[in-house]
Amino acid sequence: MTDLPQISEQHIADCSTSQSFQRGADYFQQGAVESLIKRGNLITAQVRGSYIYDVCINFEGNNVISTQCSCPYKYGDWCKHIVATLLNVCRCPHTVQERPSLPELLGDLDKEQIIEIMIALVGKEPKLLNKIEKIVRKQYIKKVENNILIDTNYYRGQIRDAIRETEIMVSEYWEGEDESELPCEEIVDLIDEVRDLGLGERLGEAIAALTVITETCVREWPALYEYGIYGYDIYDQISELWAELILAADFSDLERGKLSRSLKKWRERGEPDYDLATLAIAEMWELPALRKVLAAPGQRVNLTPEEQESLDTPLLAVRLEVLKKQKKYEEYLALAMAAGAITNFLRMLAYLDRVEEVMANADQIENGQQALQIAEGLVEVGAMAEAITIARLGLTLKGEDNYDYELLKLIAELARETEQPELHLASLLKAVQVRPCLADFHQLVKISGEDWQFLKDDLFEHLLNLDDRWGYSTKVERIRIFLASDYVRGAMVLASQLDRWEQELLRQVMLLALKSNPQWVIDNGVPRAEEIMDSAQSKYYDRAAELLALVKKGYEAMDRSPEWQNYLGQLMKAHSRKRNLIPLLQGL
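Conventions we followed
Residues numbered from 1 in each chain as written. Predicted model: local features only at pLDDT ≥ 70, side-chain atom pairs only at ≥ 80, totals over all residues. Heavy atoms only, no water. Salt bridge = Lys/Arg side-chain N within 4 Å of Asp/Glu carboxyl O. Helix = DSSP H or I, 4+ residues; strand = E, 2+ residues; numbered from the N terminus. Buried < 20%, exposed > 50% of the residue type's maximum accessible area, 1.4 Å probe, protein only. Phe/Tyr/Trp six-rings, centres within 6.5 Å; stacked < 30°, edge-to-face > 60°. Lys NZ or Arg CZ within 6 Å of the ring centre and 35° of its normal. Contact = heavy atoms within 4.5 Å. Patch = residues over 30% accessible without salt bridge, like charges linked within 9 Å, V, L, I, M, F, W, Y side chains within 5 Å. Areas by Shrake-Rupley, 256 points an atom, 1.4 Å probe, with all protein chains shown as cover. Core = buried A, V, L, I, M, F, W, Y, C linked by side-chain atoms within 4.5 Å. Pairing = 2+ DSSP bridges. Polar contact = N/O pair within 3.5 Å; in protein donor to acceptor, adjacent residues only side chain to side chain. pLDDT = per-residue confidence, 0-100. Lys, Arg positive; Asp, Glu negative; His and termini not counted. Charge placed at Lys NZ, Arg CZ, Asp CG, Glu CD. Axes fitted to C-alpha atoms, helices over the stretch in contact; angles between N-to-C directions. Parallel < 35°, antiparallel > 145°, perpendicular 65-115°, else oblique. Left-handed = near helix turned anticlockwise from the far one by under 90°.

**Student:** Looking at this structure, I do not really get the pattern of salt bridges. What am I missing?
**Tutor:** Side-chain pairing between opposite charges can occur once the charged atoms of the two side chains come close. A complete count under the given rule lists 20 salt bridges for this structure. Across the salt bridge formed by R48 and E34, the nearest N and O atoms sit 3.1 Å from each other. A residue pair is termed long-range when its members are at least 10 positions apart, and R48 in strand β2 (residues 42-48) and E34 in strand β1 (residues 33-39) qualify at 14 residues. We classify E34 as partly exposed; its relative accessible area is 27%. Its salt-bridge partner being E330, residue R354 comes within 2.9 Å of it at the nearest N-O pair. Separated by 24 residues along the polypeptide, R354 in the loop between α17 (342-351) and α18 (355-360) and E330 in helix α16 (residues 329-338) bring together distant segments of the chain. The partly exposed category is assigned to R354, whose relative accessible area is 25%. One connected set of salt bridges, linked through shared partners, spans R160, R219 and E220.

Okay, structure coming up:
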């Protein structure tokens, strides 16, 4: 099949952790990838692991546009199931079946025929009906805009179904890996749908919908407590949206009292405390300092330290969001300034395209995180030069957290867009030095051109001696960089510190080191292989065999084959009772 994406194994490794790549390679070798099908620009597969996971890969040309997997792994990079699928595409393209794409399947059908197909599908998979309803509902909302009538039964039914499906899932087969994969997380979509109703003419409908969502969660959620699922994140979002709606509404004293009693009742019936919502209903916009500030938008108001402190509460972000949505921009600026929310103040100035005022107040920026957020706000309004200036300022500021890498990447990208090659190169070089990343490294080599020969030695020495302040992944990325550059000494030094799960990366270093330092291959391969064999975990014996195959090559490279045969004999004797291991050793 000639129109499959031509993706290199190195690219797959770059987009996944070493552990995911190794385990994905194991899955591929075990034949775990099944039903590998291409439909247009879509590749789907099923990968057999603890369960059968569905993989979906969307591509355009030779580029992977998006990936999805039904497993719980959600860390940004590719999971082992996606890795296994793509390795199958790379190594065994003949196993990919080509089928018609969805537009091709449905293109010649009329409306009635498509409806018949949908009804048949829902008949076999009733859960599809809820998903279809959500899609249709969103399209309906887009069409009727200002004439939406809230169907409270819809919200009630969706939440009840999500919680009950979650209860079934956790009671039967869920292993507690990632709560974001549970059906109850679909409630977040409903909360977002209510938030999208806005704070204007549909505010009353939003309050009615959120009331139903809250009451249904309070009534149904306790069924999940025994499984340790308390829904704190969902309740926090409910409380935050309540606070937003409360501050946007013009409640009478009667309505305010009624809602206050409802919040108290909900607190008594469940785990959440609705802190933000409770604070909002208690304070509204009635704080003396708040009234003083909002009464004089556009003017600097002198507040006592106590008054300023009364503004800087967890409710401040919600107040600012409400003012922004209500387009009360001067009030927003006044409150942000009075409360000392410099990032909010300067980002709003940027949002209003008041760039000169942003730059005039740049001396108030206190740390790199603030500088990054403000620079990003300037980028959104096209103020590229000013964004670079603010990002550079951020590099001179130190806070509890270090944002140098993010700032340098932003400067490099803006320099590229504004055609400043020297700044682009210098910023990207510094970014690689601060936090090594193979993708950044490849880009650095590309843009440095002939200058690369003068940069690489100092860069490699810096990377070799860099501390692992960003964690274990920093070491892995440095090894990948050294491998891509055939820098054997650096790769060996760092690979000696790898743990047993990074075998694919270690294997690559051992292959690179065979010619120049076969003894290192032996010294690093033997203890790791023996650790696996001694653990008596038969599912990992093939990894031990892979390492020993390289150890054998190390002995052969030094003309010490008799020593290898003697060592192999000792292993055969020591592990003679391990019937799953012996055939692998015999194959060596």
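**Student:** Would you take a moment to explain the packing of aromatic side chains for this structure?
**Tutor:** The description of two aromatic rings rests on the distance between their centres and on the angle between their planes. A complete count under the given rule lists 16 aromatic pairs for this structure. Ring geometry for F441 against F460: centres 6.3 Å apart, planes inclined by 35°, an arrangement best described as tilted. Residue F441 is located in helix α23 (residues 438-448), and its partner F460 is located in helix α24 (residues 452-464); the two are separated by 19 residues in the primary sequence. Both residues of the pair, F441 and F460, count as buried. Clustering of aromatic rings is evident, with ring pairs tying together W221, Y235, W242, W266 and Y274. Here the basic side chain of R319 rests over the ring of W285, its NZ or CZ set 5.2 Å away from the ring centre. The ring of Y351 has K324 sitting right over it, with the charged end atom 4.7 Å from the ring centre.

**Student:** So what exactly am I meant to see when it comes to helix α15 (residues 316-325) here?
**Tutor:** Spacing of three or four residues puts side chains on the same side of an α-helix, whose turn is 3.6 residues. Of all the residues in α15, the buried ones are L316, V318, R319, L320, V322 and L323. The inward-facing, buried residues of α15 contact α10 (232-248), α12 (275-283), α13 (288-294), α14 (305-311), α16 and α17. Once α15 ends, the next one or two residues include K327, with phi positive near 60°.

**Student:** Honestly, a nonpolar patch on the surface in this entry has me stumped. Any pointers?
**Tutor:** Together, I117, M118 and L121 line one region of the surface with nonpolar side chains, adding up to about 230 Å² of accessible area. With respect to the helices, strands and loops of the structure, I117 is situated in helix α5 (residues 111-124). The class for I117 is partly exposed, based on a relative accessible area of 36%.

**Student:** Please clarify how the nonpolar core should be interpreted in this entry.
**Tutor:** Within soluble globular proteins, side chains that are nonpolar tend to cluster in buried spots. Core analysis: the largest hydrophobic core is formed by 54 residues, its most contacted members being F482, W520, L548 and L585. If we ignore the near neighbours within four places in the chain, the residues touching L548 are A529, M533, W564, Y567, L571, L585 and L588. Core analysis: the next-biggest nonpolar cluster, separate from the first, contains 53 residues, I187, L210, Y225 and F251 among them.

**Student:** Looking at this model, I keep getting lost on the pairing of strand β4 (residues 63-69). Mind explaining?
**Tutor:** Where strand β3 (residues 52-60) and β4 come together, 6 bridges link them in antiparallel fashion. Each residue of the ladder has a partner; that of E60, found in β4, is N63. Taken together, β3 and the strand that follows it, β4, pair antiparallel across an intervening segment of 2 residues, in which G61 is found at a positive phi of about 65°.

**Student:** It is not clear to me how unusual backbone geometry should be interpreted in this structure. Could you clarify?
**Tutor:** Note on backbone geometry: most residues besides glycine have negative phi, and most peptide bonds are trans. For Y274, which is not glycine, the phi torsion reads 55° and is therefore positive. Locating Y274 in the fold gives a position in the loop between α11 (253-269) and α12. Judged by relative accessible area, Y274 falls into the buried class, the value being 1%. A positive phi angle, close to 65°, is found at D353, a residue other than glycine. Structurally, the position occupied by D353 is in the loop between α17 and α18.

**Student:** Would you explain the side chain of N361 in this entry?
**Tutor:** Locating N361 in the fold gives a position in the loop between α18 and α19 (368-380). Of note is the side chain of N361, whose polar atom sits 2.8 Å from the side chain of Q364. Each residue touching N361, except ones within four places of it in the same chain, is listed here: F345, L346 and L349.

**Student:** Any chance you could explain the confidence of the model for the protein chain here in plain terms?
**Tutor:** Do not read the predicted coordinates in detail wherever pLDDT is low. Of the residues in the protein chain, 94% have a pLDDT of 70 or more, and the chain-wide mean is 87. Summarising per-element confidence for the protein chain, the mean pLDDT is lowest in helix α6 (residues 128-144) (63) and highest in α18 (97). A low-confidence stretch, residues 140-148 stays under pLDDT 50, and its non-local contacts, those more than four residues away or across chains, total 8 contacts.

**Student:** When you look at α16 in this model, what are you seeing that I'm missing?
**Tutor:** In terms of residue burial, α16 counts as a mostly covered element, since 7 of its 10 residues are buried. Backbone geometry just downstream of α16 places G340 in the positive-phi region, at approximately 75°.

**Student:** Explain a negative patch on the surface to me, please; I cannot follow it from the model alone.
**Tutor:** There is a patch of like negative charges on the surface, built from D233, D236, E240, D273 and D275. Its location among the elements puts D236 in helix α10. Exposure remark for D236: the relative accessible area of 49% places this residue in the partly exposed category.

**Student:** Would you mind showing me how to read the packing of helix α29 (residues 541-557) against helix α30 (residues 561-574) here?
**Tutor:** Angle between the axes and distance between the axes: these two values describe a pair of packed helices. Between α29 and α30, the shortest axis-to-axis distance is 8 Å and the interhelical angle comes to 150°. The angle between α29 and α30 places the two elements in the roughly antiparallel class. With respect to the hand of their crossing, α29 and α30 are arranged in right-handed fashion. Where α29 approaches α30, its residues L548, V551, K552, Y555 and E556 are matched on the opposing element by S561, E563, W564, Y567 and L571.

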